[in-house]
Amino acid sequence: MIAVLEGNCPLKEKADVVQMLESEGFRVQVSQTGTESLIGVIGEGAARLADRLSAMPGVKDVRPVAPPYPLTSRDHRPERTRVKVRRVAIGGPEITVIAGPCSVESEEQLLTSARAAKKAGAKLLRGGAFKPRTSPYSFQGLGKEGLEILAHAREETGLGVVTEVVAPEDVALISEYADMLQIGARNMQNFRLLSAAGEQPRPVLLKRGMMATLEELLMAAEYVAAAGNPNVVLCERGIRTFETSMRGTLDIGAVAVLKERSHLPVIVDPSHAAGKRELVPSLARAGIAAGADGLIIEIHPSPPDAMSDGRQSLELEAFGKLMQELKPISKAVGRRLGT
Ligand code: PEP
Ligand code: MN
């Protein structure tokens, strides 16, 4: 931890800070920049003094030297983590595309989507069986029946399945059926859910809350890791800003920042950021160009009939076309998409 003192901090105040820290058993190292005095606090557990220190006269700022998310930070693990979902490694040289409908609606709808996803080169299948909906009157998902349909689609296509869990009490059931658990934007800071996902063996796809900072996202990932599950993939899916022409604002810089701060793979969800299918290809291209390890894209055999997120769902053919367009972009950034 480092305390930054005001440039004109009187000697007495500086001495008081040093004395307080030493009386608490810490070693202190004082240095001077052009305008500020820096006091390095050396010793285990210094963070507990942060509030007391920042309230002392002359103290301008108190900064941790290490981020508060040790397991997800790159500080202690500079090499990148690859998260395995069945035979698919997210975070390796290959770009992983996860595709499928927003919600599982029927056997036919999901299988048609799954076949098209596979044919186009997607490596994993998405589909919500438990849906977090803004309105209690909207379609809430097929529940367990949806999970069974997902399992059937996996059997037929060989694609691993990613599906959302909205409540801690559903974790065990979903973990039985799914290959990867999705924790959605609305639940990013549901700490009991994060811990429960950390206590089961499936990898976790953690979406950024629509009003969450990147540090909050990394702290949420830390909950999963701290509970025993290091296999977390981070997902930028658009945040709330003053801009209203899209459903969210895709924070493309987040990809670069997350990859700098964390060893975990990062993927982009262009569908929920765009909110309109015609904008999805541009955001998907931007995600790969920015260094994302993959994409999660909503597709539907008949978007106007979709029970959720039809407006942003790509038709199956359009998805195939997009996958072709993404290949040269992946190559340009030193990655591979499909075979
Ligand atoms: C979804 O993936 O369908 C979803 C609800 O996403 P988000 O949590 O990002 O809104
Ligand atoms: Mn959706």
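Computed from a predicted model, the values in this text were never measured in an experiment.

Procedures and definitions
Residues numbered from 1 in each chain as written. Chains lettered and ligands numbered in written order. Predicted model: local features only at pLDDT ≥ 70, side-chain atom pairs only at ≥ 80, totals over all residues. Heavy atoms only, no water. Core = buried A, V, L, I, M, F, W, Y, C linked by side-chain atoms within 4.5 Å. Buried < 20%, exposed > 50% of the residue type's maximum accessible area, 1.4 Å probe, protein only. Contact = heavy atoms within 4.5 Å. Helix = DSSP H or I, 4+ residues; strand = E, 2+ residues; numbered from the N terminus. Polar contact = N/O pair within 3.5 Å; in protein donor to acceptor, adjacent residues only side chain to side chain. Axes fitted to C-alpha atoms, helices over the stretch in contact; angles between N-to-C directions. Parallel < 35°, antiparallel > 145°, perpendicular 65-115°, else oblique. Left-handed = near helix turned anticlockwise from the far one by under 90°. Pairing = 2+ DSSP bridges. Phe/Tyr/Trp six-rings, centres within 6.5 Å; stacked < 30°, edge-to-face > 60°. Patch = residues over 30% accessible without salt bridge, like charges linked within 9 Å, V, L, I, M, F, W, Y side chains within 5 Å. Areas by Shrake-Rupley, 256 points an atom, 1.4 Å probe, with all protein chains shown as cover. Salt bridge = Lys/Arg side-chain N within 4 Å of Asp/Glu carboxyl O. Lys, Arg positive; Asp, Glu negative; His and termini not counted. Charge placed at Lys NZ, Arg CZ, Asp CG, Glu CD. Domains from an automatic or database assignment. Donors = N, O, S within 2.8 Å, 3.2 Å for Na, K, Ca; no water.

A. Spatial organisation of the nonpolar core. Counting 69 residues, the largest nonpolar core has Leu206, Leu234, Ile297 and Phe319 as its most contacted members. Setting aside residues no more than four positions away along its own chain, Ile297 makes contact with Val97, Ile98, Ala99, Gly100, Arg126, Pro270, Ser271, Val280, Leu314, Phe319 and Leu322.

B. Structural view of the side chain of Ser73. Locating Ser73 in the fold gives a position in the loop between strand 4 (59-63) and strand 5 (83-85). Looking at Ser73, its side chain comes within polar contact range of the main-chain nitrogen of Asp75, at 2.8 Å. Apart from residues no more than four positions distant in its own chain, Ser73 is found in contact with Pro67, Arg261, Ser262 and His263.

C. Spatial organisation of the packing of helix 10 (residues 280-289) against helix 11 (residues 316-332). The interhelical angle for the contact between helix 10 and helix 11, taken along N-to-C directions, is 25 degrees, at an axis separation of 10 Å. Of the possible angle classes, the one that applies to helix 10 and helix 11 is roughly parallel. Taken as a pair, helix 10 and helix 11 cross one another with a handedness that is right-handed. Facing helix 10, whose interface residues are Pro281, Ala284, Arg285, Ile288 and Ala289, helix 11 presents Leu322, Glu325, Leu326, Ile329 and Ser330.

D. Main features of the sheet that holds strand 3 (residues 37-42). Across the sheet, which stays open at both edges, the four strands sit in the order 2-3-1-4 with antiparallel pairing between neighbours. What marks the edges here is a single partner per strand, and that holds for strand 2 (27-32) and strand 4. Between one strand axis and the next, the sheet turns by 20 degrees as a mean value, whatever way the strands run. Examined bridge by bridge, strand 1 (residues 2-5) and strand 3 share four bridges and lie antiparallel to one another. Each bridged residue has a counterpart across the sheet, and for Ile2 the counterpart in strand 3 is Gly40.

E. View of the packing of aromatic side chains. Taken as a whole, this structure holds one aromatic pair when the rule is applied. When the ring of Phe191 is compared with that of Tyr223, the centres are 4.6 Å apart and the planes differ by 25 degrees; the resulting orientation is stacked. Of this pair, Phe191 sits in helix 6 (residues 191-198) while Tyr223 sits in helix 7 (residues 214-226), and the two are 32 residues apart along the sequence.

F. Representation of a positive patch on the surface within the structure. Residues Lys84, Arg86, Arg87 and Lys118 make up a contiguous surface patch of positive charge. The topology assignment puts Arg87 in the loop between strand 5 and strand 6 (88-90).

G. Fine view of the environment of Glu236. Structurally, Glu236 can be placed in strand 12 (residues 232-236). Sequence separation of Glu236 and Glu325 is 89 residues, and the distance between their C-alpha atoms is 21 Å. Once you skip the residues sitting within four places of it in the chain, Glu236 turns out to touch Arg208, Thr249, Leu250, Asp251, Ala254, Ile267, Val268 and Asp269. Within the structure, the side chain of Glu236 is placed 2.7 Å from the side chain of Arg208, a separation counted as a polar contact.

H. Representation of the environment of Arg115 within the structure. Residue placement: Arg115 occurs in helix 3 (residues 107-120). Each C-alpha atom, one on Arg115 and one on Gly338, is 15 Å from the other, the two residues being 223 residues apart in sequence. When residues no more than four places from it in sequence are discounted, the contact partners of Arg115 are Glu156 and Thr157.

I. Main features of the domain arrangement of the protein chain. Along its sequence, the protein chain is carved into domain 1 (2-63) and domain 2 (83-337). Of note, the centres of domain 1 and domain 2, computed from C-alpha atoms alone, are 44 Å apart.

J. Looking closely at the coordination of the manganese ion (ligand 2). Here the manganese ion (ligand 2) is held by Cys102 (SG), His272 (NE2), Glu298 (OE) and Asp309 (OD), and the distances to it run 2.0 to 2.4 Å. The exposure class of Glu298 is buried, given its relative accessible area of 0%.

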